Structure formats: structure tokens, C-alpha cells
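For reference, the chains in residue letters:
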Amino acid sequence: GKLYINHVYQIRAERMFQLLFTQSRFMLNFMTSRKMFDLEYSPWQSDSNGKQTRTLNYTITISNPLVGKFTTATEKQVLYKGNQGEQSYLVEVEVFTHDVPYHDYFYTVNKYSIIGISQDKCRLRVYTDVKYRKQPWGLVKTFIEKNSWSGLEDYFKQMESDLVMEESSSGSLLVEA
Ligand code: YK8
């Protein structure tokens, strides 16, 4: 796997969770800027094991000419709350892209860790992994990985920097004024 975000933000852990994993203005703007549309959310629901899960469906615009212009996608999110209550969160996300070539061979797992490090600071880490449901031929595997890593890197680079803008546009500015 790869570590795409490892950043300390001037944002409290609970708020970081709300920004990334509820229907926040931040996330809606972010997804719109990534040309993702037809968003459908299920609310967070507790399952029998006490875990919370939710599902997102959307369509992604793709710039890669080999792949086609759009794909529908499903995200299954599972929330594990840390033992420090509102101060730590782990969210495991499986992403399935349904309309790309070889879509039945692979999916992506993104793990988001949010750890509060003070009243108004947290560390956000995002690890990602490409997983296989069927073993592809070597050349196909290379294609899948190359396209996945570049798409993921682009997505999380923008998320990291959009969060920096969000951080500076709230709270601390009021104190300086
Ligand atoms: C989520 C992984 C692969 C896919 C794409 C597929 C090419 C297939 C190439 C053939 C288009 C938001 C990606 C990047 C689309 C975007 C997905 C996002 C960024 C030749 C094999 C969508 C995180 C995420 C996970 C997987 C990404 C896809 O929150 O290259």
C-alpha cells in the first residue's frame, strides 16, 4: 500500500470526521471539483457487531482516453471509533468502479485515520491499497496499478491541500483579527 496523506491540521478530530464523512459543504465542494456527480448517500447505520457503516454511490468523470469518460462507483465505509471517544476515528473505505475495463478484477481500499492531538489539532493519515478479486495477467495488473496510483495520488493531493484551505478559512482567523 501507499501513504498518501500524513498531515497535522489545525482542526479538531471530531470536525475533521464531519468534514470528510458527513454531507458537509466541504465534501460536496470537493467532489464537485473532482467532477463527481449523481451522489447518493445512505446515513451511518450501526450493524449487529456495533460497527457503523454507510454506502455512497456516484459517477466519476475520467480524463483517461483509454477508459471512457465516466464510471459509476460504490464506496462502502466502515467506521471504527477509537477508545478515546470523539478524539480518534478509523474509517475503512472500499471503492468499486463499475464501468472501467477489468472492473471485476480489482477494487481499492482507503484507510483514513484521524487522531486528535490537542483540543483543536488532529493528524490525518490516508493509506491506500489496490486489491484483487481475480488474479489478472501481468500486463493487465501493471495497467491497473499504474492507473489506480496516479488517479489516487491526484485525488488525495487535492484533498490534502483543500483541507489546508479549509483550516485557514475557519477559527484561527477570528483570533488574529
Ligand atoms: C474515492 C482507481 C482506478 C480508477 C481509474 C480506473 C482505470 C482502469 C484502467 C484499466 C479511473 C474517490 C480510479 C482512479 C477512479 C477514481 C477512484 C477514487 C479516487 C486500463 C485497468 C474515487 C477514492 C477513489 C478510489 C479509487 C479510484 C479509482 O473516494 O483509474
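Reference entry: report on the structure contained in this document. Since we're looking at a predicted model, the values are computed, not measured.

## As for the nonpolar core
One finds Met 16, Leu 20, Tyr 112, Leu 124, Phe 156, Met 159 and Leu 163 to be the most contacted residues of the largest nonpolar core, which totals 41 residues. Once residues lying within four places of it in the same chain are set aside, the contact partners of Leu 20 are Phe 26, Met 27, Arg 54, Tyr 112, Leu 124, Met 159 and Leu 163.

## Details of the layout of surface pockets
If you roll a probe as big as a water molecule over the atoms, it shows you where there is empty space left. When its volume is computed, the largest pocket comes out at roughly 1200 Å³. Ile 60, Ile 62, Asn 147, Gly 151 and Leu 152 are the residues nearest the centre of the largest pocket, which is lined by 44 residues in total. At the level of secondary structure, the elements contributing two or more residues to the lining of the largest pocket comprise helix H1 (13-21), helix H2 (25-33), strand E2 (36-41), strand E4 (52-61), strand E5 (70-81), strand E6 (88-97), strand E7 (106-118) and helix H3 (138-168). Here the element with the most residues in the lining of the largest pocket is H3; it accounts for 11 residues. Looking at the lining of the largest pocket, its residues break down into 25 nonpolar, 13 polar and six charged.

## Focus: the pattern of salt bridges
One pass over the structure, following the stated rule, counts six salt bridges. Close ionic contact of Glu 14 with Arg 12 constitutes a salt bridge, the shortest N to O distance being 3.8 Å. Glu 14 gets classed as partly exposed once you look at its relative accessible area, which sits at 28%. On the basis of relative accessible area, Arg 12 is assigned to the partly exposed category, the value being 34%. The residue Glu 153 makes a salt bridge to Lys 157 at a minimum N-O spacing of 3.2 Å. Residue Glu 153 and its partner Lys 157 are located together in helix H3, separated by four residues, close to a single helical turn. Relative accessible area serves as the criterion here: at 35%, Glu 153 is assigned to the partly exposed category. One salt-bridge network, held together by shared partners, links Arg 15, Arg 25 and Glu 166.

Reading the values: rules and limits
- Residues numbered from 1 in each chain as written.
- Predicted model: local features only at pLDDT ≥ 70, side-chain atom pairs only at ≥ 80, totals over all residues.
- Heavy atoms only, no water.
- Core = buried A, V, L, I, M, F, W, Y, C linked by side-chain atoms within 4.5 Å.
- Buried < 20%, exposed > 50% of the residue type's maximum accessible area, 1.4 Å probe, protein only.
- Contact = heavy atoms within 4.5 Å.
- 1 Å grid on protein atoms, 1.4 Å probe; cavity = no way out; pocket = protein on both sides within 12 Å on 5 of 7 lines; lining within 4 Å.
- Points joined across faces, edges and corners; volume = space filled by probe spheres on them.
- Helix = DSSP H or I, 4+ residues; strand = E, 2+ residues; numbered from the N terminus.
- Nonpolar A, V, L, I, M, F, W, Y, C, P; charged D, E, K, R; others polar.
- Salt bridge = Lys/Arg side-chain N within 4 Å of Asp/Glu carboxyl O.

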